[in-house]
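Now for the letters of each chain:
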Amino acid sequence: SQQGEEDPQALSIQEGENATMNCSYKTSINNLQWYRQNSGRGLVHLILIRSNEREKHSGRLRVTLDTSKKSSSLLITASRAADTASYFCATEGLYNQGGKLIFGQGTELSVKP
Amino acid sequence: GAGVSQSPSNKVTEKGKDVELRCDPISGHTALYWYRQSLGQGLEFLIYFQGNSAPDKSGLPSDRFSAERTGGSVSTLTIQRTQQEDSAVYLCATRKGGGRANEQFFGPGTRLTVL
């Protein structure tokens, strides 16, 4: 069953603008990860943030985590047309053995040149 | 190979037939996961293998679904007596070691269409 919810479901922006996607989850987590998916096929790992971290950066990506609100956000700065894809948050539960991921429904990002 | 590979990339079958989907993990990755992505349900966990431990089958939707991992390497996901609701993209992912806080590497998926 899905535990994550993401908003917005779809986001359309112009190249150069920033894109912000939000994710909420329900149970205690060990970490939260963001993945990107092009054309409905394989997922590519973007960034992982541990439950004791509040913010993390990787290139043009900035992720925040608020465990008190059970929410996370992914910010992509200075977006490019090549950033067009679906973005998913995924959580690894605190009491989950084995590291299986629970995914959100995803945000479909469209960056117009 | 450098990444996780899956075969076939596309499979069209008739309702009631059995299908086998294959996953070749990254060499040395001991943890292997199967997920399913369908329009109505999003991305769902199906099954997890870690080394020689008993697999976590808690995500398998029915007893028509089963999976094996031979020699800690290649895995096959078998769906018996396929139904139209089984149509989805089946994704395999692997991870280095059994520890937490490591990314999963996903294969390109197998798109299954049940007519």
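Whatever comes next refers back to the structure up there.
Reference entry: report on the structure contained in this document. (Residues numbered from 1 in each chain as written. Chains lettered and ligands numbered in written order. Predicted model: local features only at pLDDT ≥ 70, side-chain atom pairs only at ≥ 80, totals over all residues. Heavy atoms only, no water.)

Some remarks on the state of the cysteines
The final tally for this structure, using the stated rule, is two disulfides over all chains. One disulfide in the model links cysteine 23 of chain A with cysteine 89 of chain A; its S-S distance is 2.0 Å. An S-S torsion of about 70° defines the bridge between cysteine 23 of chain A and cysteine 89 of chain A as right-handed. With cysteine 23 of chain A in strand β3 (residues 19-24) and cysteine 89 of chain A in strand β9 (residues 85-93), the pair connects residues that are 66 residues apart, well separated along the chain. By relative accessible area, which is 3% here, cysteine 23 of chain A ends up buried. Each sulfur in the disulfide pair cysteine 23 of chain B and cysteine 92 of chain B lies 1.9 Å from the other. On the S-S bond that ties cysteine 23 of chain B to cysteine 92 of chain B, the torsion sits near -60°, and the link is left-handed. Of this pair, cysteine 23 of chain B sits in strand β3 (residues 19-24) while cysteine 92 of chain B sits in strand β8 (residues 88-95), placing them 69 residues apart in sequence. (Disulfide = S-S within 2.5 Å. Helix = DSSP H or I, 4+ residues; strand = E, 2+ residues; numbered from the N terminus. Buried < 20%, exposed > 50% of the residue type's maximum accessible area, 1.4 Å probe, protein only.)

Focus: the interface of chain B and chain A
The interface of chain B with chain A comprises 27 residues on the first partner and 27 residues on the second. With both sides pooled, the region where chain B packs onto chain A buries about 2000 Å², and carbon together with sulfur makes up 45% of that total. Between chain B and chain A we count two salt bridges in total. Lysine 100 of chain A is paired through a salt bridge with aspartate 56 of chain B; the nearest N and O atoms lie 3.6 Å apart. The tally of links between chain B and chain A comes to six residue pairs in polar contact (both at pLDDT 80 or more). Of all the elements in the fold, those that place two or more residues in the side of chain B that touches chain A are β4 (31-38), β5 (42-50), β8 and β10 (110-114) of chain B. No other element matches β5 of chain B, which puts five residues into the side of chain B that touches chain A. (Contact = heavy atoms within 4.5 Å. Buried area = accessible area lost by both parts, 1.4 Å probe. Salt bridge = Lys/Arg side-chain N within 4 Å of Asp/Glu carboxyl O. Polar contact = N/O pair within 3.5 Å; in protein donor to acceptor, adjacent residues only side chain to side chain.)

Side note on the pairing of strand β11 (residues 107-112) of chain A
Residues and elements named next belong to chain A. Side chains Thr107, Leu109 and Val111 of β11 all project onto a buried face; the interleaved residues Glu108, Ser110 and Lys112 project onto a face where none is buried. Bridge count between strand β2 (residues 10-14) and β11: five bridges; the pairing is parallel. Counted as the bridge partner of serine 12 is serine 110 from β11. Pairing of β9 with β11, which is carried by three bridges, proceeds in the antiparallel orientation. The partner of tyrosine 87 across the bridge, within β11, is threonine 107. (Pairing = 2+ DSSP bridges.)

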